Amino acid sequence: MPLRFFNTLTRQVEDFMPREAGKVRLYTCGPTVYNFAHIGNFRAYIFEDLLQRHLEYRGLKVDRVMNLTDVDDKTIRGCRACGMALADFTAPFKKAFFEDLDTLRIKRADHFPEATAPEHITRMIGMISTLIEKGHAYRAEDGSVYFRIRSFADYGKLAHFNPEELRDGVRVRNDEYEKENVGDFALWKAWDEADGDVGWESPWGRGRPGWHIECSAMATGILGPELDIHCGGEDNIFPHHEAEIAQSECVTGKKFVRLWMHCRHLQVEGSKMAKSAGNFFTLRDLMEKGWSGREVRYALISVKYREPLNFTFEGLAAARSALQRLDEWTTRLQELPKGASGENLMETGDAFGEALDDDLNISAALAVIFDMIRTTNRRMDEGTLTPGEAISLLKWVKGVNAVLGFEAEAGAVPAVVGELLARRAEARAAKEWKLSDTIRDEILATGWIVKDTKEGQKLTPAPRGGA
RNA sequence: GGCGGGGUAGCCAAGUGGUAAGGCACGGCUCUGCAAAAGCUGUAUUCGUCGGUUCGAUUCCGACCCUCGCCUCCA
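The rules behind each value
Residues numbered from 1 in each chain as written. Chains lettered and ligands numbered in written order. Predicted model: local features only at pLDDT ≥ 70, side-chain atom pairs only at ≥ 80, totals over all residues. Heavy atoms only, no water. Helix = DSSP H or I, 4+ residues; strand = E, 2+ residues; numbered from the N terminus. Areas by Shrake-Rupley, 256 points an atom, 1.4 Å probe, with all protein chains shown as cover. Lys, Arg positive; Asp, Glu negative; His and termini not counted. Charge placed at Lys NZ, Arg CZ, Asp CG, Glu CD. Pairing = 2+ DSSP bridges. Domains from an automatic or database assignment. Contact = heavy atoms within 4.5 Å. Buried area = accessible area lost by both parts, 1.4 Å probe. Salt bridge = Lys/Arg side-chain N within 4 Å of Asp/Glu carboxyl O. Nonpolar A, V, L, I, M, F, W, Y, C, P; charged D, E, K, R; others polar. Axes fitted to C-alpha atoms, helices over the stretch in contact; angles between N-to-C directions. Parallel < 35°, antiparallel > 145°, perpendicular 65-115°, else oblique. Left-handed = near helix turned anticlockwise from the far one by under 90°. Phe/Tyr/Trp six-rings, centres within 6.5 Å; stacked < 30°, edge-to-face > 60°. Buried < 20%, exposed > 50% of the residue type's maximum accessible area, 1.4 Å probe, protein only. Lys NZ or Arg CZ within 6 Å of the ring centre and 35° of its normal.

Some remarks on the overall build of chain A
- When its secondary structure is counted, chain A shows 14 helices and 15 strands.
- Each principal axis of the C-alpha distribution contributes one length, and for chain A these read about 90 × 50 × 40 Å.
- Total accessible area on chain A is roughly 22,100 Å²; 51% of this is exposed by carbon and sulfur atoms.
- The average position of the 62 basic charges and that of the 72 acidic charges among the side chains of chain A differ by 3 Å.

In structure tokens form, the structure reads like this:
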């Protein structure tokens, strides 16, 4: 079965075939670094991570770009409010972003271009010049340059609406008289007071690039004029990606992107995440509440990317339980008495991968995992699972984790806990239950749960609160 | 007003023209000094409502109700 993905452009699930066999050119819209990213942003990045890892699981080489927008209205406003240089203001947020990616086990892209890098600014200016030459853009009185949407017949194709019929919105600003058409968007924004010392020289005077042209320049600059896949959150469909298509195709004359994939927004406890509603969370907020990056990852990845995801603490707790079950099963397999390897291997099949082939059907893929856990746990209870089968299963789950990234943290047991365990074992041998229970509490206080099994005491890391 | 996505057990959520995956929670059992943990196991005559097509619809068609999102710089 081939890989199949839903294409926002055609609104259909299509067979996926990269332009160059075996290689995927993937562009993913990254963060604007004016603040810490919130969990809604991370839903998009985790979806993209799942996509990349699955493509790689299928043997494709992925060349991925994720841009960092480090100049726009918000970053400028932020740096001016703090009285800092733009680069000094954005630096800590860039750093935090990469830390958060690690926390969530999101694989690094191959390139993280920054909009303010000189080579990209130069490229943007070059593209804008070409657009003006070809009649797709014009300079307004104040020195700003706008894209002329009437010059591009396909404008509106991605979002599936006619730009001429857009409702007059409250967002139409009163400086629109400078544009030929309210739908024309800025390629270059002329400097004004509010920009302070942020600005670059251009053939049209001092100013800064518009948001859309940043992505077009970085995408085509690094991946070439024709991308295989371009991803982002659904809110990027219009105007951002629509604008990217227009700019890029008018410059290169080639089809910019073959497959557009967008993930739905995240809701929190049933309503839109907003600071005013008190349900706005950054990853850091959740970490402080005691949730792990792996748990957040599970919660955000476990609902299909094309469905709205309602983020709740109940869902986070469900993620924790499900992961513990997976951990427990893996540990059981690892502890199965070792026998001759290479014998009685098990055919584990590829139902997991096939589920993901179908437009990243994560629910079906997770069901495959839990079915496997249940059936093999049953056999371990019966004592009929052979060491060879356990080896096969461990190999299988390793493949699963190459895509999902759910492997347990390698938490080393502190020496203190080891001593407590030894003392408790003595107490238990002497049937001093009271002492045994006291030590159990002491161990729990260090963050570990002791379980008494047939094979003796076993440790499990205790969740760090969070409920 | 335009365009689009949803409504499946307490919660989350797959799915198919032939009679409902999976996860969490909950109950039962096993294990255990007790507990915890873990494992097993049970739980939707039913898939928003009303019609239609069909031998048969949760799945196709129509109407309606509810809900969410986008409509110019928010992932």
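Still more to cover.
Observations regarding the pairing of strand 2 (residues 12-15)
- Relative to strand 2, strand 1 (residues 4-7) runs antiparallel, the two sharing four bridges. Bridge pairing in strand 2 links F5 to E14.
- If you look at the hairpin formed by strand 1 and strand 2, you'll find four residues sitting between the two strands, and R11 has a positive phi there, around 55 degrees.

Description of the domain arrangement of chain A
- As far as domains go, chain A holds domain 1 (16-263), domain 2 (271-404) and domain 3 (415-461).
- Look at where the C-alpha atoms of domain 1 and domain 2 centre, and you get two points 34 Å apart.
- The interface is formed by 27 residues belonging to domain 1 together with 37 residues belonging to domain 2.
- Broken down residue by residue, the surface that domain 1 buries against domain 2 is led by I39, R43 and L50, which jointly contribute 29%.
- On inspection of domain 1 and its partner domain 2, the count reaches five salt bridges.
- For the side of domain 1 that touches domain 2, the secondary-structure elements that each account for two or more residues are helix 1 (39-57), helix 3 (86-103) and strand 10 (257-263).
- Classifying every residue of the side of domain 1 that touches domain 2 gives 14 nonpolar, six polar and seven charged.

What to know about the sheet that holds strand 10
- The parallel open sheet is built from four strands, whose spatial order is 4-3-9-10. A single partner strand is all that each edge strand has here, and the edge strands are strand 4 (61-66) and strand 10. Strand after strand, the sheet turns through a mean of 20 degrees between neighbouring axes, direction not considered.
- Pairing between strand 3 (residues 23-28) and strand 4: six bridges, direction parallel. From the neighbouring strand, T28 faces strand 4, where its bridge partner is M66.

Topic: the packing of helix 9 (residues 313-335) against helix 11 (residues 362-382)
- Between helix 9 and helix 11, whose axes approach to 11 Å, the crossing angle comes to 45 degrees. Considered as vectors, helix 9 and helix 11 are oriented oblique to each other. The hand of the helix 9/helix 11 crossing is left-handed. Side by side, helix 9 and helix 11 meet where A322, R325, L326, W329, R332 and L333 of the first sit next to I369, F370, M372, I373, R374, T376, N377, M380 and D381 of the second.
- When its residues are assigned to classes, the contact of helix 9 with helix 11 shows nine nonpolar, two polar and four charged.

Section: the packing of aromatic side chains
- The final tally for this structure, using the stated rule, is 21 aromatic pairs.
- Geometrically, the ring pair formed by F311 and F313 is edge-to-face, given 6.2 Å between the ring centres and 75 degrees between the ring planes.
- Residue class for F311 comes out buried when judged on its relative accessible area of 2%.
- What links up through ring pairs into an aromatic cluster is the set F42, Y45, F97, F98 and F112.
- The ring of Y34 has K74 sitting right over it, with the charged end atom 4.9 Å from the ring centre.
- Sitting above the plane of the F6 ring, R306 keeps its charged end 4.0 Å from the centroid.

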